[in-house]
Amino acid sequence: MNFLYSITILPIETIYHFLYLSFYGVTQSLIFSLILMSLVSGIIFYPFRLWSNAQLQKELKIRSILEPQLKHIQQQTKGAERHGRISRLYSRYSYHPIMGIRSSFGILFQVPFIIAAYEMITHLSLFQGSSTWLISDLSKPDRLIFGFNLLPILMTIFNLLAVFTNRLMQKADRLRGIALALLFLVFLYPMPSALMIFWTSNNFISFIQNFIPQFTIPKNIKQKVNQFWNLEIFESFLVLSFPALVTFIVLPAHVYLTNRIEFEFKSEMFLFFLVPASASIFLSIMAVIFLKKFFKNHFFFLERVSFAIAVSLLLCNFLLAAPSGFLDGAPTVSKPGLISSLSGILICVSVFAFIFKNIQNWVTWKWRKIVPVAIFILSFFMVFFSVSLKPSKIENSNFVSTTIQLPNLYLIHLDAGQSDFALKIIKENDLEAAFQGFKFFIRNVSNFTYTTESVSSYSTGKIPKAQTIDKWISEIPNGFLKNLREQGYQLTYYGDLPLYPHGIFDKVTSSQSVLFDHVYMPSYVQVWFSRLLPNFLIGKAFHYGNKLGAWITQAYFNENLDRLPTEIMEGVEPYSGLKLLERLVEDEQKRPNHGQFVHVRAVIPHSPWLIGPNCEYQKGIVPSGNAPSRYYNQYLCALRQVVRFLTVTKTRQYYDSSFFIIMGDHGEGWVGQLKDLKGLALTLDDASSEPFDKEIHPWSKANLEGRFRALMMLKGPGSNYPFTVSKFPSQLLDVMPTLLDAANLAAPPQLEGISLLKQNLNEFENRKRILRYGRPSAPYASPLHIFEAQFDEGNILNINQVESK
Amino acid sequence: MTIIALLAFFTPSIAHAYIDPGTGNAFAYVLFSLLGAGAHFLKSQFYRISGKGSGKASHFRDQPVAIFSEGKRYGDTFEPIVDALIHRQVNFSYLTCDIDDPILTRDHPLLDSKYIGEGSQAFAVLSSIKSKILIATTPNIGCNGYPIRKPKQVKKMAHVLHAVGSLGTYKKNSLDYYDVVFLSAPFIRSEVQKLEMLRNLPKKKCIEIGLPYFDVLKNKANPNVSTKDTKTILIAPSWGVKNLFKVCGLEFIGQIIENGFEVIIRPHPQSWISDLDTMEAIIELSRKHPSISLDREVNGLHSFQRADLLISEKSGVRFDFALLFEKPVLSIDIPLGETEGLELSDLGSTWDEQAEKRIGRVISPSQVSEISNHINETLSVSAHSLKVLREEAVFNVGHSSERIVDWVLSEIRELS
């Protein structure tokens, strides 16, 4: 089912999602965008409706031919003879009663679209709490008439009007239509108003379509279009500009759209590519004119080469894309796989062989024109989406005091912060005093090995049941953020945005804003460039792509990058994490002392480890020392910034009353585990079983054990005891119940963790914890890769594969 | 009951998806079709198990002889052949692309008729037949760039001509892949041989058959000469930019009426789609003048019967009119235009060019201004000369279908 969903509904849902957000970006109206989306759906479905009507006419036609003959047979014969003659009659007309289904195909074809729209609208966090016109919350029923819902009634009226005005419907069809309309009124009555607006609009359009006469294009216009369509120059232009289109629009738009939130919707980064795109298209026109004149004999050979290059590029990118779409740095340390490289070569060879050997008559081969035209249309939409997709809400840049008197809550997430290293750093650098009142959970585990999964689980307090990671991410706003908002907290965020829809937080400080405007341009160009080159050259592509990107950023955006990291390998992520922490310290000077929830997600001490213990950084210089020592130093820098921040709260005298969680989303892993914590070593007994040895990274057992060892230390309001190390078996799923506890909120019953502020924690000493490792893109509902962690009696952490869950 | 069934049908998924009335009806059609199909299947199984049979299964692909028809417009060609085959107890299949083909309504144990769909679907079915003999009117089967391939298992593919006259108006290579040509007249043999020589093609078998459709029309036609005082002129032009009205205008019709003739205008069916402006003017003209009548009937026999003379350009209908009804034709010599794509370009001069002078007069468009004189001259052509011409232009008048079956039976014997 997951697979079916992924290949049928999900792509359509994604298109609806982009379409809706693009319309919203342009109109800034939630309702009007729904109507526009409905209109586009209506236009797309119109040919299918026509086709469906044509099928229905065919069915009616054959029935009108068969019925008198059937009647005649029925009058003259009975029993086996009658059945035999009827069967022969059906056979003569190549008909079978089951063929009545044909007339329904066109309409049934729409069902996946309807489900996709339903899924998209009901999962779009933008509607939650959004009031517009008379509707107070688009994610809830409208309650417009004295608490009764108006929209379902309106929808039913249009539904009935559509039934009565459909000329193709016969009496029985109408009766069915009326029954269904009433049935749906009952079932859809409690649906969210956003959904009802979409369907009311759909029904209105379908009502209007009943009045549209069969439209035929005038013959002279048809002729002119045909003449243009068959113009030799036009055909050649299409083929020659095809690679340019793929290179400078399709690929950059794809990279931009998949990373648009991380890029903070800075569409000018993508728009830059329209400069080379326009130039290339102009050059294609020139090339057509020039080559047709001087290389007439070889022109079609060049066309074939051009076509084959473009198709190979498309296929390699969308079938074999290197895992570089998400800019997390992983591909930069992975070697290109041999299988991928060979598959890439196979695709290219197959495409060239097909174009040169299989297609005898190149000039009349219809796909020669259709494919480039389809890519032109796709490009148009990609440009439209890239330009019009905007954040749904611009966050406030000022702090707002709230009336509630609850203590400030701070959740500081240090990416890849491993617990054993943190404890060693705190002890060796005399930071214990700075963390007065903190309890350090040395046996804490992350439930997942990657950030996306970790953030999604600790933010919602649940192990996901959703089918895809995107669905799961979309649940984040419904986690503790929702509870805290309802409690009256102002929500502030420091960090990268991809996991959070815009509009959740009241104030956001992004990674880019603390560096320079187009901080991701070099990485963006880098990824785009890597997609142009064969897989086995990916290392070189990354290197030169980044240099090109840095040059474009300086030349096009006029930003000086001499001293700043511009790519992942230069440490742009930990450096931005450091700058975020510095901004946190700065902002803390003016933050209200109550009613604030502050969430920091700094990508430090995450690799690469290029920042020194005193937060010194020199572009292009890798500090001396082995990996664990450089990790240690970068981690020390991060913790020192945290200490600076805590000091501000102490100075401003709300340290005691505030609540702090300082945590890692997972351990580092690559630096192993510290031997001097041997007694608390984390072991995975079943680490040789799948998917352990099929991980995307070549994890060793020690790596993986370290990866689960996530930092967790917290200080409750009023705690003033000395820095304490606890051996309680905590896990990141405990974050949400603990936060809610601190905010004086009851934890929802379905949460899988417990509040670490509980008095009776010792009752949970033998609790089981869930660890999961697997490919980041693996389906999350899959039960295969769930492990449970437990302690044995000797307090030695031991993880066994207890049972599938 | 329906509502209850639908309620039961939709309830499980209702919370997840939504359907509008149109979609709901589509589901209902699916449901009813499934029920109908299920009942039919169960009945078939019941009769099969009980030994009562469920009627002969169709083996249209395996019949020794197959006829392929593009549609009911070739009914006059194929119906007499079908009748003759049944009369002579030959098993055969009849494949048609037209669901309205009346032959499909016939339920006969020797006839395995089948609607094979339209376009590529039909062509795919046709190419899969295993019959030894295939009879068709369709030109260019098997040619490069044409969608219909010659069925691999067919040993003899025979072409039935369906108009009086030369092969000149056929598209180039029309008969190149046929093995047999049913000759309508002696001059066709020389045309076929000329093209074979030119293209270095294997020799085709040429069988003297005649024209089945001509036999049908001959039975319906009554060539009695009209005795009424006022002569009736039938104007039956072709369509498009080369049609008589576009080239010569409509003024000449007024001249014909002024000279005391009655006029029937029978536009080409395509003109009602493609030449709407001209058709509007014609309707206006017929409203103004009671002596002009407009014929939009599918079958032109009635007008042919009424008329004393036909005015037309270079169309095949002229020969039907002249040879069936023994009445003269005034041909307007409007060149066919680009003939490069036609067999005419390889054949050079054809029988039609000489014959059109024997069925009446041929005038140029510029001579249309004096059309009444030309009509009077043309009316003097004798019926006897037309009878003589018919003997030259059509073999076996009245017996062509029997000749076809004779050949079919001898071929079956030879091939088995």
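Residues numbered from 1 in each chain as written. Chains lettered and ligands numbered in written order. Predicted model: local features only at pLDDT ≥ 70, side-chain atom pairs only at ≥ 80, totals over all residues. Heavy atoms only, no water.

**A few points about the overall build of chain B**
If you tally the helices and strands in chain B, you get 17 helices and 13 strands. Here chain B, with 416 residues, has 52% of them falling under the buried criterion. Entry remark: accessible area of chain B is about 19,100 Å², with carbon and sulfur atoms responsible for 54%. (Helix = DSSP H or I, 4+ residues; strand = E, 2+ residues; numbered from the N terminus. Buried < 20%, exposed > 50% of the residue type's maximum accessible area, 1.4 Å probe, protein only. Areas by Shrake-Rupley, 256 points an atom, 1.4 Å probe, with all protein chains shown as cover.)

**Here we look at the overall build of chain A**
Scanning chain A from terminus to terminus reveals 28 helices and 12 strands. If you sum the accessible surface of chain A, you get close to 35,300 Å²; carbon and sulfur atoms cover 62% of it.

**Comments concerning the sheet that holds strand 12 (residues 329-332) of chain B**
In a beta sheet, neighbouring strands are held together by backbone hydrogen bonds and run either parallel or antiparallel to one another. Residue and element names in this part refer to chain B. Pairing within the open sheet is parallel, and its 6 strands lie in the order 10-9-8-11-12-13. Both edges of this open sheet fall to strand 10 (292-294) and strand 13 (360-363), since each of them pairs with a single strand only. In this sheet, adjacent strand axes meet at a mean angle of 20° when their direction is disregarded. Strand direction decides the pairing type here: strand 8 (residues 232-235) and strand 9 (residues 262-265), joined by 4 bridges, are parallel. Bridge pairing in strand 9 links Ile-235 to Ile-265. (Pairing = 2+ DSSP bridges. Axes fitted to C-alpha atoms, helices over the stretch in contact; angles between N-to-C directions.)

**Thoughts on helix 8 (residues 251-258) of chain B**
All names here are of chain B. Along helix 8, the residues classified as buried are Phe-252, Ile-253, Ile-256 and Ile-257. Along helix 8, the residues classed as buried sweep out an arc of 145° about the axis, all on the same side. Residues Glu-251 and Glu-258 are exposed on helix 8 and point more than 90 degrees away from its buried face. Just beyond helix 8, the residue with positive phi is Gly-260, at close to 85°. (Arc of directions from axis to C-beta.)

**Description of the packing of aromatic side chains**
Taken as a whole and judged by the stated rule, the model has 48 aromatic pairs over all chains. Note on Phe-307 of chain A and Trp-365 of chain A: the rings are 5.6 Å apart at their centroids and 70° apart in plane angle, and the pair reads as edge-to-face. A residue pair is termed long-range when its members are at least 10 positions apart, and Phe-307 of chain A in helix 14 (residues 299-319) and Trp-365 of chain A in the loop between helix 16 (338-358) and helix 17 (367-388) qualify at 58 residues. Their ring planes at 55° and their centres at 5.3 Å tell us that Tyr-631 of chain A and Tyr-635 of chain A sit as a pair that is tilted. You can see Tyr-631 of chain A and its partner Tyr-635 of chain A sitting in helix 26 (residues 627-651), 4 residues apart, about one turn around the helix. An aromatic cluster of at least three residues, connected via ring pairs, comprises Phe-248, Tyr-256, Phe-270, Phe-272, Phe-273, Tyr-524, Trp-528, Phe-529, Tyr-556 and Phe-557 of chain A. Of note, Arg-296 of chain B hangs over the ring of Trp-272 of chain B, and the distance from its end group to the ring centre comes to 3.7 Å. (Phe/Tyr/Trp six-rings, centres within 6.5 Å; stacked < 30°, edge-to-face > 60°. Lys NZ or Arg CZ within 6 Å of the ring centre and 35° of its normal.)

**Here's the deal with the pattern of salt bridges**
Overall, the coordinates contain 33 salt bridges over all chains when judged by the stated rule. Two residues, Lys-579 of chain A and Glu-582 of chain A, come together in a salt bridge whose shortest N-O distance is 3.2 Å. Taken as a pair, Lys-579 of chain A and Glu-582 of chain A lie in helix 25 (residues 572-588) at a separation of 3 residues, close to a single helical turn. Residue class for Lys-579 of chain A comes out partly exposed when judged on its relative accessible area of 22%. Across the salt bridge formed by Asp-587 of chain A and Lys-590 of chain A, the nearest N and O atoms sit 3.7 Å from each other. Here the residues in one salt-bridge network are Lys-172, Asp-176, Arg-199, Glu-343 and Asp-346 of chain B, joined through shared partners. (Salt bridge = Lys/Arg side-chain N within 4 Å of Asp/Glu carboxyl O.)

**Observations concerning the packing of helix 3 (residues 75-87) of chain B against helix 17 (residues 400-415) of chain B**
Residue and element names in this part refer to chain B. Put simply, helix 3 and helix 17 touch, their axes get as near as 9 Å, and they point 55° apart. In this view, helix 3 runs oblique relative to helix 17, as classed from their interaxial angle. For helix 3 against helix 17, the interelement crossing comes out right-handed. Facing Pro-80, Ile-81, Ala-84 and Leu-85 of helix 3, the residues of helix 17 in contact are Ser-401, Ile-404, Val-405 and Val-408. (Parallel < 35°, antiparallel > 145°, perpendicular 65-115°, else oblique. Left-handed = near helix turned anticlockwise from the far one by under 90°. Contact = heavy atoms within 4.5 Å.)

**Considering the sheet that holds strand 3 (residues 490-495) of chain A**
Residue and element names in this part refer to chain A. The sheet built from 8 strands is open, its strands ordered 4-3-5-1-6-8-2-9 with mixed pairing. Of all strands in the sheet, those bounded by a partner on one side alone are strand 4 (507-510) and strand 9 (724-726). Going across the sheet, the axis of each strand differs from the next one's by a mean of 15°, ignoring polarity. For strand 2 (residues 439-441) and strand 8 (residues 712-715), the ladder comprises 2 bridges, and the chain directions are antiparallel. Looking across to strand 8, one finds that Phe-440 is bridged to Met-713.

**As for unusual backbone geometry**
Cis geometry is found at the peptide bond from Ile-604 of chain A to Pro-605 of chain A, where omega equals 15°. Secondary-structure assignment places Pro-605 of chain A in the loop between strand 5 (596-602) and helix 26. Omega for the peptide link from Ser-607 of chain A to Pro-608 of chain A comes to 0°, which places this bond in the cis form. Within the fold, Pro-608 of chain A resides in the loop between strand 5 and helix 26. We note that Asn-744 of chain A has phi near 65°; this positive angle belongs to a residue other than glycine. With respect to the helices and strands, Asn-744 of chain A occurs in the loop between helix 28 (735-742) and strand 10 (769-772). A positive phi angle, near 60°, is found at Gln-89 of chain B, a position not held by glycine. With respect to the secondary-structure elements, Gln-89 of chain B resides in the loop between helix 3 and strand 2 (92-96).

**Focus: a nonpolar patch on the surface**
All names here are of chain A. Together, Trp-133, Leu-134, Leu-144, Ile-145, Phe-146, Phe-148, Ile-153, Leu-154, Ile-157 and Leu-161 line one region of the surface with nonpolar side chains, adding up to about 1,100 Å² of accessible area. As for its placement among the helices and strands, Ile-153 is situated in helix 7 (residues 151-165). For Ile-153, a relative accessible area of 36% corresponds to the partly exposed category. (Patch = residues over 30% accessible without salt bridge, like charges linked within 9 Å, V, L, I, M, F, W, Y side chains within 5 Å.)

**Considering the side chain of Thr-77 of chain B**
Note on placement: Thr-77 of chain B falls in helix 3. When sequence neighbours within four positions are dropped, the list of residues in contact with Thr-77 of chain B reads Thr-137, Val-160, His-162, Pro-212 and Tyr-213 of chain B.

**A few points about the nonpolar core**
Formed by 156 residues in total, the largest nonpolar core has its most connected members in Tyr-20 and Phe-435 of chain A. Counting residues per element, this core draws most heavily on helix 11 (residues 232-258) of chain A, at 15 residues. Residues contacting Tyr-20 of chain A, with those up to four places away along its chain left out, are Leu-30, Ser-33, Leu-34, Met-37, Met-120, Leu-124, Leu-126 and Phe-127 of chain A. Among the nonpolar cores identified, the runner-up in size contains 59 residues, and Ala-185, Val-192, Leu-347 and Ile-359 of chain B belong to it. (Core = buried A, V, L, I, M, F, W, Y, C linked by side-chain atoms within 4.5 Å.)

**As for helix 6 (residues 111-123) of chain A**
Residues and elements named next belong to chain A. The end-to-end C-alpha separation of helix 6 is 18 Å, in line with the 18 Å expected for 13 residues at 1.5 Å each. Counting buried residues along helix 6, 10 of its 13 residues qualify, which places the element largely inside the surrounding structure. Taken together, the buried positions of helix 6 are Val-111, Phe-113, Ile-114, Ile-115, Ala-116, Ala-117, Tyr-118, Glu-119, Met-120 and Ile-121. (Expected span 1.5 Å × (residues − 1).)

**Things to note about the confidence of the model for chain B**
Residue and element names in this part refer to chain B. Residues at a pLDDT of 70 or more form 90% of chain B, whose mean pLDDT is 85. For the stretch residues 1-18, pLDDT sits under 50, and the model shows 27 contacts to residues farther than four places along the chain or on other chains. In the predicted complex, the global pTM is 0.56; the interface-specific ipTM is 0.82. (pLDDT = per-residue confidence, 0-100.)

**Some words on the environment of Phe-516 of chain A**
Residues and elements named next belong to chain A. Secondary-structure assignment places Phe-516 in the loop between helix 22 (511-514) and helix 23 (521-532). Note on Phe-516: relative accessible area 9%, which makes it buried. Along the backbone, Phe-516 and Glu-559 are 43 residues apart, and their C-alpha atoms lie at a distance of 7.6 Å. If near-sequence neighbours (up to four positions away) are discounted, Phe-516 is found in contact with Thr-553, Glu-559, Leu-561, Leu-564, Pro-565 and Thr-566.

**Section: the side chain of Gln-731 of chain A**
Topologically, Gln-731 of chain A is positioned in the loop between strand 9 and helix 28. Gln-731 of chain A gets classed as buried once you look at its relative accessible area, which sits at 3%.

**Details of the environment of Met-99 of chain A**
Residues and elements named next belong to chain A. Tracing the backbone shows Met-99 in the loop between helix 4 (79-92) and helix 5 (102-108). For Met-99, a relative accessible area of 22% gives the class partly exposed. Placed 40 residues apart in sequence, Met-99 and Glu-59 show a C-alpha to C-alpha distance of 8.2 Å. Once residues within four sequence positions are removed from consideration, Met-99 is found in contact with Glu-59 and Ser-94.

**A closer look at the confidence of the model for chain A**
All names here are of chain A. Confidence in the prediction of chain A, expressed as mean pLDDT, is 79, and 82% of residues score 70 or more. Low pLDDT, under 50, characterises residues 677-697; the predicted model gives this stretch 61 contacts beyond four residues in sequence or across chains. Segment residues 776-805: pLDDT under 50, and 87 contacts once partners within four positions in sequence are set aside and those in other chains are kept.

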